[in-house]
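A structural walkthrough
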Amino acid sequence: MVDHGRRPVSRKAPWWSLFVFCVLAATASAVPPRNHAIVSAHPLASEAGRLVIEAGGNAFDAAVAVSAALAVVEPYGSGLGGGGFWLLHRAADRFEVMIDGRERAPAAATADMYLDANGQVVDRASIDGPLAAGIPGVPAALAHIAENYGRLPLAMSLQPAIILARDGFPVDAEYRRMAEWRIDALRASPAAAQQLLVDGEVPPLGHRLRQPTLAATLQALAGGGAAAFYAGDVAQRLVDAVRAAGGIWSLDDLRDYRVVERAPVELRLPGNRRLLSASLPSSGGVLLAEMLMMLDQRPSVELDAADRVHLLVEVMRRAYADRARFLGDSDHVHVPLAQLLNRGRAQRRVQQIDMHRATPSTRAALDVGEGQDTTHFSILDREGNRVAATLSINYPFGSGFVAGNTGVLLNDEMDDFSAKPGVANVYGLVGNDANAIAPGKRMLSSMSPTFYEVGDVVTILGTPGGSRIISMVLQGILAADGGEPVSTIVARGRFHHQYLPDRIDIEPDALDAAVVEELQRRGHAIRQLDRPYGNMQVVRWDLASGAVDAAADPRGIGQAILFDGARRQVIGAAARRQAP
Ligand code: DON
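Residues numbered from 1 in each chain as written. Predicted model: local features only at pLDDT ≥ 70, side-chain atom pairs only at ≥ 80, totals over all residues. Heavy atoms only, no water.

As for the overall build of the chain
In terms of helices and strands, the chain carries 19 helices and 20 strands. Over its C-alpha atoms the chain spans a radius of gyration of 22 Å, differing by no more than 12% from the 25 Å that the globule rule assigns to 580 residues. Each principal axis of the C-alpha distribution contributes one length, and for the chain these read about 65 × 60 × 45 Å. Every one of the 580 residues in the chain was classed for burial, and the buried ones make up 62%. Sequence separation of at least 24 residues holds for 73% of the intrachain contacts in the chain that already meet a minimum separation of 6. When the accessible surface of the chain is totalled, it reaches about 20,000 Å², and 52% of it is carbon and sulfur. Of the side-chain charges in the chain, 58 are positive and 64 negative, and the distance between the mean point of each set is 3 Å. (Helix = DSSP H or I, 4+ residues; strand = E, 2+ residues; numbered from the N terminus. Rg over C-alpha atoms; globule rule 2.2 N^0.38 Å. Buried < 20%, exposed > 50% of the residue type's maximum accessible area, 1.4 Å probe, protein only. Contact = heavy atoms within 4.5 Å. Areas by Shrake-Rupley, 256 points an atom, 1.4 Å probe, with all protein chains shown as cover. Lys, Arg positive; Asp, Glu negative; His and termini not counted. Charge placed at Lys NZ, Arg CZ, Asp CG, Glu CD.)

As structure tokens, then:
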């Protein structure tokens with residue numbers, strides 16, 4: 001279940017890699033991490049990863065365990081019915097790859113499938129119900145990671161998730177909040193209501209939520225690998241349920257799904273800095289590279305707060321404009337990557353920034369949805385293997401549709417396509433033909449699992465947050481540049497600009513009133529948000545000392561665990577949020 005066409009074949013670390021590792025380790029004099037570190041958006045998922053490492057697994061086995069556990073305990077964020085990107089660094093030979101488990105449009109999808117007879121986008125058609133669902137990639141990706149990078153059998157790494165689905169987990173406040181948000185969509189799907197609600201209502205706090213049908217599907221995956229999901233009985237039941245409810249999946253769509261190994265986006269910067277992040281079909285790495293190149297021409301560190309925010313916003317505006325204009329699945333459309341990643345172009349663009357005046361984005365403002373879903377986790381094991389993974393089913397609880405008795409909650413990732421040029425999706429993102437719907441195509445994403453290195457310090461980071469993911473990761477990187485502790489990186493207040501709508505979104509209390517006033521004076525439209533956003537999970541390793549640190553975003557309920565067999569340190573998401 002893998003397409004190796006776009007990246008040199010990886011496989012397990014070859015026999016000579018231990019030798020290479022020793023040589024590299026000696027030359028780089030890296031001190032191995034003192035601890036394993038796992039940080040995810042849910043304590044039970046972090047714990048699943050720990051169990052698997054303590055059973056002899058590596059960071060990649062833990063990534064499988066954490067992904068699968070999140071599918072059970074955080075069904076509003078990701079799941080077997082969704083997709084994601086796993087950025088891997090294998091210490092033994094320094095092999096780096098992005099596992100692309102992004103959803104694909106079914107073969108029967110068409111560019112105008114969400115338009116009515118008058119060519120208008122039909123409200124919610126790409127958000128609720130099975131017509132909104134792309135062909136999932138998570139099951140194939142988990143099997144692929146276990147088989148090619150893990151040390152343990154897939155079945156063993158899936159075990160914690162199977163137990164959580166079978167025996168249940170206590171419903172938390174975050175679950176309740178998300179279920180409240182999506183209650184109508186969940187009620188509309190009888191299987192979703194049965195699995196995720198209690199008597200059609202949001203389950204009470206502490207209610208033990210058991211998902212036996214999901215446990216059975218996980219068990220099938222454990223026993224039969226990806227083929228047990230994409231062919232045979234499970235596939236048949238998925239397709240039957242989707243089609244009975246108005247969807248367009250076919251058995252061929254599932255059979256043809258392929259994980260793709262892709263070269264990540266890499267950018268080296270002065271000061272021994274290096275970015276490694278998600279490549280297309282995520283826009284994350286490209287935009288981060290563009291923004292960092294622009295900022296490199298005009299560093300922001302010495303500026304006062306208003307100048308700094310103004311500069312960052314103008315840089316964001318320009319990079320997000322490229323997203324809308326040029327980016328889409330490069331297996332289907334030509335994307336001028338060489339131009340976008342050209343340093344000369346970055347230099348010219350940054351020269352066009354007027355520090356006294358906002359550059360108007362030219363089109364009308366559109367409203368951004370406020371989804372708080374999707375999920376990110378970061379893992380480092382004591383060998384130095386790293387994983388940054390961002391997984392999604394898009395909107396909270398995806399399409400709200402559970403496919404019959406499979407227990408699989410389907411994504412609504414089709415909304416990440418551009419249903420019509422210039423018409424915004426739920427994140428207010430506009431797109432172009434590059435991101436138009438086409439059969440088998442992957443929809444453009446913002447998910448940006450990232451490794452960022454400054455000298456000897458490696459930071460593993462990422463976050464959910466729709467279109468705001470990329471600007472959050474940028475602010476995380478800049479904080480890492482400034483040497484901030486991980487607890488501050490996850491906690492700091494955030495702001496965002498995405499070209500259209502032409503305004504700055506600001507988290508509550510993130511910027512001083514005087515700074516906001518100055519930004520308005522320069523012509524920026526401001527939207528003060530009444531809720532915080534994002535859920536960043538960060539691990540850091542200092543290769544010079546071997547010190548490891550990790551932090552979960554205080555906006556969520558996530559948990560970081562540092563452990564090494566005998567000792568265990570659990571760090572909850574309790575730090576206070578700080579101003580930038
Ligand atoms: O792939 C993407 O860019 C979106 N489907 C991610 C959605 C997301 O992060 C929602 N979180 N608030």
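Having seen the model, we can carry on.
Looking at the confidence of the model for the chain
When pLDDT is averaged along the chain, the result is 92, and 92% of the positions lie at 70 or above. Across residues 363–371 the pLDDT falls below 50, and counting only partners more than four positions away or on other chains, this stretch makes 29 contacts in the model. In this model residues 575–580 is a low-confidence stretch, pLDDT under 50, and it forms 20 contacts with partners more than four residues away in sequence or in other chains. (pLDDT = per-residue confidence, 0-100.)

Digging into the nonpolar core
With 91 residues, the main nonpolar core has M291, L292, L327 and F495 as its most contacted residues. Domain assignment of the residues forming this core places at least three in each of domain 1 (2–8 + 44–262 + 377–435) and domain 2 (267–370 + 447–559). If we skip the residues at most four places from it in the chain, M291 touches V315, M316, A319, I470 and L474. Counting residues in each nonpolar core, the second largest holds 88 residues, with I38, A48, A241 and F401 among its members. (Core = buried A, V, L, I, M, F, W, Y, C linked by side-chain atoms within 4.5 Å. Domains from an automatic or database assignment.)

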